[in-house]
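What follows is the residue order along each chain.
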Amino acid sequence: MAAKKAGAKSRNPELIRGIGKYSRSKMYHKRGIWAIKAKHGGSLPRHEPKAAPPKPAAKPPKFYPADDVKTPIPNHRKPKPTKLRPSITPGTVLILLAGRFMGKRVVFLKQLPSGLLLVTGPFKINGVPLRRVNQAYVIGTSTKIDISGVDVEKFDDKYFTKEKKKKTKKSENEFFDARIEETKALPQEKKDDQKAVDTQLIKAIELVPDLKAYLGARFSLRAGMKPHELVF
Amino acid sequence: MPFKRYVEIGRVALVNYGKDYGRLVVIVDVVDQNRALVDAPDMVRGQMNFKRLSLTDIKIDIPRLPKKKSLIAAMEAADVKNKWENSSWGRKLIVQKRRAALNDFDRFKVMLARIKRGGAIQKELAKLKKQNAS
């Protein structure tokens, strides 16, 4: 069939799916096939098929596998970052539910491409550094802080990967000594990044009364608190 | 010992079970031994079992089965809303609602306020104890 031009509408309106308004003979007339035929001396114009470019000669393969090899089905799926809960927006105060900082209230900065949440204490207030956190282990509160003054563009998942340890052959004596030296100090660059993010945040936090103390305190359930009835 | 709150036409009651839980309604007619016809300004008039109603002290002056407009007028005249909100029962319910709606940050602020209040009370108490001892 000849290729359809983009934007070409059907001249035969649909009455019901599968049934057009006009019959074949009426459509022949509407499309003007009679006029095209008359212009080209009684028959529809035929074009010469375009000369196809010559295909390169394929060599017979050197190796034929003994059994049939299945070709894998192509997978074009591109994973998207985890869907962020609507209660979690940049600047929300989150409560961490698991891990070393269980119960701490932290400020949410942004969602990283891997889907994890970038979060900071701020470090001076509650000791939580710039850190990645899974959305599933977090409660989003309805308290929001203005983080428009904070620049978080430079942080992504690569920033948080562990550095690869270089393997060197050690003798037995060296093994025990080297172990003690393994604990690495935090590079100054990371400390500066933490400070840069936190100074802006702390300015915004100090504007709200009691917010600093709130972020410094841990969350816990007391007697009579029913989590399914609490409003966060 | 005798009953003080009677089921009568015009008695204001609180719904304590069901879809309309927590609503103030007026008893507008009695259907039979167990049910009443009940009405409120923002509700379609309907029947309710007495077991779903908790009678209050408030009573308004209406004839049997008043029209919606006259019911609303009678409620305004008797000032049901303000009487309810100033009664101790009504005030308790308002406080309960407010406490349930507290944010996590609000709960923290309340905790700080309670500690502060406790501190002030203890200070005064210490002062009074010293006065008494001397």
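Here the structure is a predicted model, which is why all the values come from computation and not from measurement.

Participant: I'd like a description of the sheet that holds strand β4 (residues 105-111) of chain A, backed by residues and values.
Facilitator: All names here are of chain A. Judged by pairing direction, the sheet is antiparallel, and its five strands sit side by side in the order β6-β5-β4-β3-β7 without closing on themselves. With one partner strand each, in any of the chains shown, β6 (131-133) and β7 (138-144) form the two edges of the open sheet. The mean angle between the axes of side-by-side strands here comes to 45°, regardless of whether they run parallel or antiparallel. With three bridges connecting them, strand β5 (residues 117-120) and β6 associate as antiparallel partners. When the sheet's bridge partners are listed, leucine 118 is paired in β6 with arginine 132.

Participant: A description of a nonpolar patch on the surface should follow, citing residues and the corresponding values.
Facilitator: Residues Leu15(A), Ile16(A) and Ile19(A) make up a contiguous nonpolar surface patch of roughly 320 Å² in combined accessible area. Counting through the fold element by element, Ile16(A) comes out in strand β1 (residues 14-16).

Participant: Summarise the UniProt feature "domain: Large ribosomal subunit protein eL14" (unreviewed entry) in chain B; cite the residues concerned and give the values.
Facilitator: Using the residue numbers shown here, the UniProt feature "domain: Large ribosomal subunit protein eL14" (unreviewed entry) corresponds to residues 45-117 of chain B. Between the end C-alpha atoms of residues 45-117 of chain B there is a gap of 47 Å, over a span that is 62% helix and 15% strand.

Participant: Give a detailed account of the nonpolar core, specifying residues and quantitative values.
Facilitator: In this structure, Leu109(A), Leu118(A), Ile145(A) and Leu215(A) are the most contacted members of the largest nonpolar core, which totals 24 residues. Broken down by secondary-structure element, the contributors of at least two residues to this core are β4, α5 (188-207) and α6 (211-216) of chain A together with α4 (104-133) of chain B. The contacts of Ile145(A), once residues within four sequence positions are left out, are Pro90(A), Gly91(A), Val93(A), Val107(A), Ala204(A), Ile205(A), Leu211(A) and Leu215(A). Leu14(B), Val26(B), Ile62(B) and Ala74(B) belong to the second-largest nonpolar core, a separate cluster that totals 15 residues.

Participant: Residue-level account of the pattern of salt bridges, with values.
Facilitator: For the structure shown, the criterion picks out 17 salt bridges over all chains. For the salt bridge of Arg23(B) with Asp42(B), the shortest nitrogen-to-oxygen distance reads 2.9 Å. Here the residue Arg23(B) occupies a position in the loop between β1 (11-15) and β2 (24-30), and Asp42(B) occupies one in the loop between β3 (35-39) and β4 (46-49), the gap between them amounting to 19 residues. Of the residues examined, Asp42(B) reaches a relative accessible area of 59% and is grouped as exposed. Residues joined by salt bridges that share partners form a network here, namely Arg105(A), Asp104(B) and Arg107(B).

Cut-offs and rules
Residues numbered from 1 in each chain as written. Chains lettered and ligands numbered in written order. Predicted model: local features only at pLDDT ≥ 70, side-chain atom pairs only at ≥ 80, totals over all residues. Heavy atoms only, no water. Pairing = 2+ DSSP bridges. Helix = DSSP H or I, 4+ residues; strand = E, 2+ residues; numbered from the N terminus. Axes fitted to C-alpha atoms, helices over the stretch in contact; angles between N-to-C directions. Patch = residues over 30% accessible without salt bridge, like charges linked within 9 Å, V, L, I, M, F, W, Y side chains within 5 Å. Areas by Shrake-Rupley, 256 points an atom, 1.4 Å probe, with all protein chains shown as cover. Salt bridge = Lys/Arg side-chain N within 4 Å of Asp/Glu carboxyl O. UniProt positions renumbered as here; feature names shortened; annotations may be inferred. Core = buried A, V, L, I, M, F, W, Y, C linked by side-chain atoms within 4.5 Å. Buried < 20%, exposed > 50% of the residue type's maximum accessible area, 1.4 Å probe, protein only. Contact = heavy atoms within 4.5 Å.

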